[in-house]
Amino acid sequence: EAGVAQSPRYKIIEKRQSVAFWCNPISGHATLYWYQQILGQGPKLLIQFQNNGVVDDSQLPKDRFSAERLKGVDSTLKIQPAKLEDSAVYLCASSLVLGGGTGELFFGEGSRLTVL
Amino acid sequence: GENVEQHPSTLSVQEGDSAVIKCTYSDSASNYFPWYKQELGKRPQLIIDIRSNVGEKKDQRIAVTLNKTAKHFSLHITETQPEDSAVYFCAARAGSGNTGKLIFGQGTTLQVKP
């Protein structure tokens, strides 16, 4: 079974530039999550989708971050303009059911962003 | 707001010894508590989880205990091996339903010395 795919794996940009990350969840998984993992910290949820609808985006800095999941399959996360504090690994995860309550969260390998 | 505290932040044990990692959570309505293992540069992977209607769960050398009254849960690894070395994250699902997000702890770096 193919896992959660993410790209790019690594990205280095200057502050105030923009960047986009892509995620393709496991086939058939309705729920998709974007987490931000800053070095030395646990993952923090940015946004959660159920199919193509947003379930939770309460911790998404909406002045600079945006995400979409057109057609309820793959998703993109965009940062514009980037700040130094956005340097982190952006993890995408998917699960069969909402909230992962009766199903496991499967994570992708992550996209490591460095903002200079 | 919802919060999960994890201790210790680092843990070093000799091969064959036991390791214990503890987490406390703030949302008394939380009902699902998974543990993830993350090796260096790799993705987090679920190793065990427990629901609020169960006090303990075991899977070979790994066990998790839950004390809902005290709002804390622990991961126990027995007979540790060098391949157990990794960062371990606990998490708690926010809210009482099936829709809440997972709130993660800060992580514990476990080092198992051969």
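Keep in mind the model is a prediction, meaning the values are calculated, not measured.

Now for the nonpolar core. Residues Trp35, Phe73 and Leu110 of chain B are the most contacted members of the largest nonpolar core, which totals 24 residues. Breaking this core down by element, the ones donating at least two residues are β2 (10-14), β3 (19-25), β4 (32-38), β5 (45-51), β7 (62-67), β8 (72-77), β9 (86-93) and β11 (108-113) of chain B. Discounting chain neighbours no more than four positions away, the residues touching Leu110 of chain B are Leu11, Val13, Ala19, Ile77, Asp84, Ser85, Ala86 and Tyr88 of chain B. Val4, Phe21, Cys23 and Ala82 of chain A belong to the second-largest nonpolar core, a separate cluster that totals 21 residues.

What follows deals with the environment of Ile47 of chain A. Residues and elements named next belong to chain A. Within the secondary structure, Ile47 sits in strand β5 (residues 44-50). Along the sequence, Ile47 and Val19 sit 28 residues apart, while their C-alpha atoms lie 17 Å from each other. In this structure, Ile47 is in contact with Leu32, Tyr33, Trp34, Val54, Asp56, Asp57, Leu60 and Ala67, ignoring residues within four places of it in sequence.

As a further point, take the side chain of Gln38 of chain B. By the secondary structure assignment, Gln38 of chain B is in strand β4. With relative accessibility at 12%, the residue Gln38 of chain B sits in the buried group. Side chain to side chain, Gln38 of chain B and Gln37 of chain A meet in a polar contact 3.1 Å long. Looking at Gln38 of chain B, its side chain comes within polar contact range of the main-chain oxygen of Lys42 of chain B, at 3.1 Å. With sequence-adjacent residues up to four places away left out, Gln38 of chain B is seen in contact with Gln37 of chain A together with Arg43, Pro44, Ala86, Val87 and Phe89 of chain B.

Let us now look at the state of the cysteines. The term disulfide refers to a covalent linkage connecting the sulfur atoms of a pair of cysteines. Residue and element names in this part refer to chain A. Counted according to the given criterion, the structure contains two disulfides over all chains. Across the disulfide from Cys23 sits Cys92; the S-S distance is 1.9 Å. Given an S-S torsion of about -70 degrees, the disulfide between Cys23 and Cys92 has left-handed geometry. Remark: Cys92 occurs in strand β9 (residues 88-95) and Cys23 occurs in strand β3 (residues 19-24); sequence separation between them is 69 residues. In this structure Cys92 comes out as buried when scored by relative accessible area, which is 0%.

Each value, and the rule that gives it
- Residues numbered from 1 in each chain as written.
- Chains lettered and ligands numbered in written order.
- Predicted model: local features only at pLDDT ≥ 70, side-chain atom pairs only at ≥ 80, totals over all residues.
- Heavy atoms only, no water.
- Core = buried A, V, L, I, M, F, W, Y, C linked by side-chain atoms within 4.5 Å.
- Buried < 20%, exposed > 50% of the residue type's maximum accessible area, 1.4 Å probe, protein only.
- Helix = DSSP H or I, 4+ residues; strand = E, 2+ residues; numbered from the N terminus.
- Contact = heavy atoms within 4.5 Å.
- Polar contact = N/O pair within 3.5 Å; in protein donor to acceptor, adjacent residues only side chain to side chain.
- Disulfide = S-S within 2.5 Å.

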